[in-house]
Amino acid sequence: MTRTFVVEKRDLRRSHWLDAPAAALDAGQVRLRIDRFALTSNNITYGAFGETMGYWKFFPTGDAATGCIPVWGFADVVESRAEGIEPGSRFYGYWPMADEAVLGPVRVNAQGFVDGAAHRRELHGIYNQYVRTTTDPLHAPGQEDLMALLRPLFMTSFLIDDFLADNGFFGATNVIVSSASSKTSYGLGFCLEMRKTDGNLLKTMGLTSNGNVSFVRALGCFDEVVAYDDVAAMSSDSPAIYVDMSGSASLRSLVHDHWGDRLVYSCSVGGTHWQDLGSAKGLQGPRPTLFFAPAQAKKRVTEWGAAVLQQRLATAWHAFIDTVAAPKAPWLHVVSSRGRDAVAGTYATLLAGNVQANEGHV
């Protein structure tokens, strides 16, 4: 028997554990026991955009009304009928919130494999890749919690930064980032701050709730930190980009109205404010454009090659982790818990927006 945590697609607050018999393996398949994964606001974004971005398709529940929100983390092979995948092997990747996952490895090599399951073949490849911990240049045994929490988010941060730079920041001199206390946002703030060593004079502005202003200021990766209630008082004389991690329709409208034609690009990324998602019709300034990290990654693989992209990502990642885990002033406190009640409880707390900004739940 295996259990999977599922939610109702039309109401993310309604969830339950689904029991099912453990499936027998077909030739070419592997069974992995899911050992640890992170739960962050990024996973709430997966649920909020499950239909439009195809996130429900990765781990179908067999019921059109429910979905399994994917998570990032680590799992161990407990049974294998796939050549080149031995029991005991450990992999980092994209998993269901469940006891186990049955995958169909293809393109197996020393670095890992791709899940070749029929229902995933049309989905973006970056989510179908599983990395062996023994050959992963980003892996460190003592940092698996931080990797589960931050690696997928930082890759998005890195690629947003790269996308904006690739487009000359659309002529903007300011980058405004909402949900600045979220891990993807401060990862982006870190990447933008690193660019200032190259003489880049961009000003970065982090928008956050009143309760998180002090936390975001202490990070030191935004030039200005502003509470949502104070957005209308911000200077809006210079051209700006809005990177929307919150998905809040009311905040989006406020930012667009305040900057008007001086807002040169509106980049839609996340849905941390999932209860305030709404239409972008009638906005002043540019129409919001959805950012899809795998598309920018694919572009860079084509232009640079996969090895160069991985090397640049690894360099930025290690610098970021050194900062996040700095002994005297760590940015993140890992909160570990185990078991199905812990999964359900942490999910509900995240959904309600009650997780502390300096906490990361594994």
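Look above for the structure.
Given the structure is predicted, the values throughout are model-derived calculations rather than measurements. (Residues numbered from 1 in each chain as written. Predicted model: local features only at pLDDT ≥ 70, side-chain atom pairs only at ≥ 80, totals over all residues. Heavy atoms only, no water.)

A. Here's a closer look at the pairing of strand β12 (residues 203-208). Burial of β12 is extensive: five of the six residues sit out of reach of the surface. As paired elements, strand β11 (residues 174-177) and β12 share four bridges and run parallel to each other. Of the residues in β12, the one forming a bridge with Ile176 is Met205. Here β12 pairs with strand β13 (residues 224-227) via four bridges, running parallel. By the bridge assignment for β13, Leu207 is matched with Val226. Following the chain from β12 across helix α4 (residues 213-219) to the adjacent parallel β13, one finds a crossover that is right-handed. (Buried < 20%, exposed > 50% of the residue type's maximum accessible area, 1.4 Å probe, protein only. Helix = DSSP H or I, 4+ residues; strand = E, 2+ residues; numbered from the N terminus. Pairing = 2+ DSSP bridges. Right-handed = clockwise from strand over helix to strand, strands pointing away.)

B. Representation of empty space enclosed by the protein. This model, assessed by the stated rule, comprises one cavity of 30 Å³ or more. Those elements that provide at least two residues to the lining of the largest cavity are α1 (41-48) and α2 (144-166). A per-element tally of the lining of the largest cavity places α2 first, with four residues. Among the residues making up the lining of the largest cavity, the classes are represented as six nonpolar, three polar and no charged. (1 Å grid on protein atoms, 1.4 Å probe; cavity = no way out; pocket = protein on both sides within 12 Å on 5 of 7 lines; lining within 4 Å. Points joined across faces, edges and corners; volume = space filled by probe spheres on them. Nonpolar A, V, L, I, M, F, W, Y, C, P; charged D, E, K, R; others polar.)

C. Up close: the packing of aromatic side chains. Tallying each qualifying case throughout the model produces 27 aromatic pairs. Note on Phe91 and Phe113: the rings are 5.0 Å apart at their centroids and 70° apart in plane angle, and the pair reads as edge-to-face. Separated by 22 residues along the polypeptide, Phe91 in strand β6 (residues 90-95) and Phe113 in strand β9 (residues 112-115) bring together distant segments of the chain. As far as burial versus exposure is concerned, Phe91 and Phe113 are alike and both buried. (Phe/Tyr/Trp six-rings, centres within 6.5 Å; stacked < 30°, edge-to-face > 60°.)

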